[in-house]
Amino acid sequence: MLTTIKVLHNKHILLGVTGGIAAYKAAMVCSQLVQAGALVDVVMTEAAQKFVAPLTFQALAHRPVYSDMFAIPPGQNIPHIALADAADLLVIAPATAHTLAKLANGLADDLLSAIALATPAPLLLAPAMETDMWRHPATQANMEKLRAWGASVVGPAEGRLASGAMGQGRMVEPEEIIGAVRVALGRRGDLAGWRVVVTAGGTREAIDPVRFIGNHSSGKMGYAVAIAARDRGAAVTLITTAALPDPFGVEVIHLDSAEQMLAAVLEATRQADLLVMAAAVADFRPKSVAEQKIKKKGDSEGVTLELGRNPDILAEVAAQKMAGYGPQHTVGFAAETEDLLANARGKLERKKLDLIVANDVSANDAGFAVDTNRVTLLFKDGQSEALPLLSKVEVAEIILDHVKR
Ligand code: PMT
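What you are looking at is a predicted structure, and each value in this text was computed from that prediction instead of being measured. (Residues numbered from 1 in each chain as written. Predicted model: local features only at pLDDT ≥ 70, side-chain atom pairs only at ≥ 80, totals over all residues. Heavy atoms only, no water.)

Caption draft 1: Quick look at the overall build of the protein. Across its full length, the protein carries 14 helices and 22 strands. When each of the 405 residues of the protein is scored for burial, the buried share is 49%. In the protein, of all internal contacts separated by at least 6 residues, the share reaching a separation of at least 24 is 67%. Total accessible area computed for the protein in this model is approximately 19,600 Å², and 52% of it derives from carbon and sulfur atoms. (Helix = DSSP H or I, 4+ residues; strand = E, 2+ residues; numbered from the N terminus. Buried < 20%, exposed > 50% of the residue type's maximum accessible area, 1.4 Å probe, protein only. Contact = heavy atoms within 4.5 Å. Areas by Shrake-Rupley, 256 points an atom, 1.4 Å probe, with all protein chains shown as cover.)

Caption draft 2: Focus on the site of the ligand. Around the ligand, a shell composed of 29 residues is seen, among which Ser 217, Ser 218, Lys 347, Asn 359 and Ala 369 lie nearest. Met 277 places a main-chain nitrogen or oxygen 2.8 Å from an oxygen atom of the ligand. In the model, an oxygen atom of the ligand is placed 2.7 Å from a nitrogen or oxygen of the Ala 279 main chain. Out of a free accessible area of 770 Å², the ligand has 96% covered by protein chains. Within the residue set of the shell around the ligand, elements represented by two or more residues are helix H10 (220-231), helix H12 (313-322) and strand E17 (329-336). (Near = heavy atom within 4 Å. Polar contact = N/O pair within 3.5 Å; in protein donor to acceptor, adjacent residues only side chain to side chain.)

Caption draft 3: Spotlight on H12. When H12 is considered as a whole, its buried residues turn out to be Ile 313, Leu 314, Val 317, Ala 318 and Gln 320. All buried residues of H12 lie within an arc of 160° about the axis, which places them on one face of the element. As for H12, its buried residues are in contact with helix H11 (258-269), strand E14 (274-277) and E17. With a side-chain oxygen positioned 3.1 Å from the backbone nitrogen of Leu 314, the residue opening H12 is Asp 312. Positive backbone phi, approximately 105°, marks Gly 324, located one or two places after H12. (Arc of directions from axis to C-beta.)

Caption draft 4: A look at unusual backbone geometry. The omega torsion across Ala 93 and Pro 94 is 0°, close enough to zero to call that bond cis. For the bond running from Gly 155 to Pro 156, omega is 5°, close enough to zero to count as cis. The residue Pro 156 is located in the loop between strand E6 (152-153) and strand E7 (157-160) in this model. In this structure, His 62 is a non-glycine residue whose phi angle is positive, near 55°. The residue His 62 is located in the loop between helix H3 (54-61) and strand E3 (65-66) in this model. Of the residues examined, His 62 reaches a relative accessible area of 65% and is grouped as exposed. With a phi angle near 65°, Ala 369 is a residue other than glycine that sits in the positive phi range. Along the chain, the position of Ala 369 falls in the loop between strand E18 (355-360) and strand E19 (372-373).

Caption draft 5: Quick look at the side chain of Thr 330. Positionally, Thr 330 belongs in strand E17. Residue Thr 330 is classed as buried on the basis of its relative accessible area of 2%. If sequence neighbours within four positions are ignored, Thr 330 has contacts with Leu 275, Leu 314, Lys 321, Leu 353, Asp 354 and Leu 355.

Caption draft 6: A look at the pairing of strand E9 (residues 195-200). Taken across its six residues, E9 has five buried, putting it largely inside the fold. Alignment of E9 against strand E12 (residues 235-240), held across six bridges, turns out to be parallel. For Val 197, the partnering residue across the bridge sits in E12 and is Thr 237. The pairing of E9 with E14 spans four bridges and is classified as parallel. When the bridges of E14 are listed, Val 198 appears paired with Val 276. (Pairing = 2+ DSSP bridges.)

Written as structure tokens, this is what we have:
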């Protein structure tokens, strides 16, 4: 279940639906956009109405559905101009080969194609068709033209097609379209032009080929920061150990250990504007990793693991900055179970951070693996700000507000 999403809130989205079986998935796109706070006007072609009834979209969007270029409500402007002018984004999902051909040739023989020609809003296309139609030189030339004119394109994906065949041409899933909508709307956000690196999840330090030392970090906090930065126009690299879905439009690097994370962070932050270290990095790792699974010896004999120190990633980043390269701004998190503020302040200073986000991970509704967090922001000038219990998404937005300021 989606809650209101800042980049979508009160945005006018025109959702164009054309005639393909994937039109049924456009209903889910409509529903998710509305739940996330967008104002969705649906425009259907004649062919689309053979697959899904306009009433479906009307019920989901709580707004009229448009299809007739010549149905002008009394006292109102002609629909294709009024809708085109009001739109923040035109999304066509599914976009058939026929519609793409019309758009690439500037045809305007129905309401949707007339809007596409008339609107100053950015255009996002989610093509859907059989593989041969997608691969046809005519369709590929049309796509090239539309891309060159500035259209964003999401998909098509590989998978089962309407004919029952497997291949490329399937419309991407609604979640991916929502991700692409957020990227398209955020393009001119306040972090446009920024390069942001975020870490997420708990590192896993191998004991043997099947066991590791880990922690309870789910990655939720880091993913919330990465997605918020992406929604505000940043180019984001997410370095993660978590198994959450890769956010659309974000470069994602999956890894396990602190040592791997150190190498990835140093590489990704050489030219970055901002590093946010939300990952829970293990301070210790087994000194040696057994080549084979460690076997039990006898019934009661235990095993002693000798642990050595892991590198401190933020300290290494600070050293890189001293050498003249590295992120402009660095934000750390402090996961504490006692003396929250004093410990966090110490880490802020030792790790040479601009901001540390202190969270008490012993609380049930904050810290590890929940959707909420209760944090205090500590700044390097000695100021601090205690925030109430908020969703991790809200915490992420506030952190970015401060960094931007
Ligand atoms: O992932 P979730 O389930 O959403 O949970 C979120 C969270 C609780 C993991 C997150 O909010 C959080 O607190 N992350 C930091 C956890 C942590 O490692 O804290 P620390 O106090 O041990 O480390 C302080 C800072 O130094 C952190 O930014 C950490 O990433 C960094 N660090 C730590 C150890 C190390 N060897 N190198 C580091 O760079």
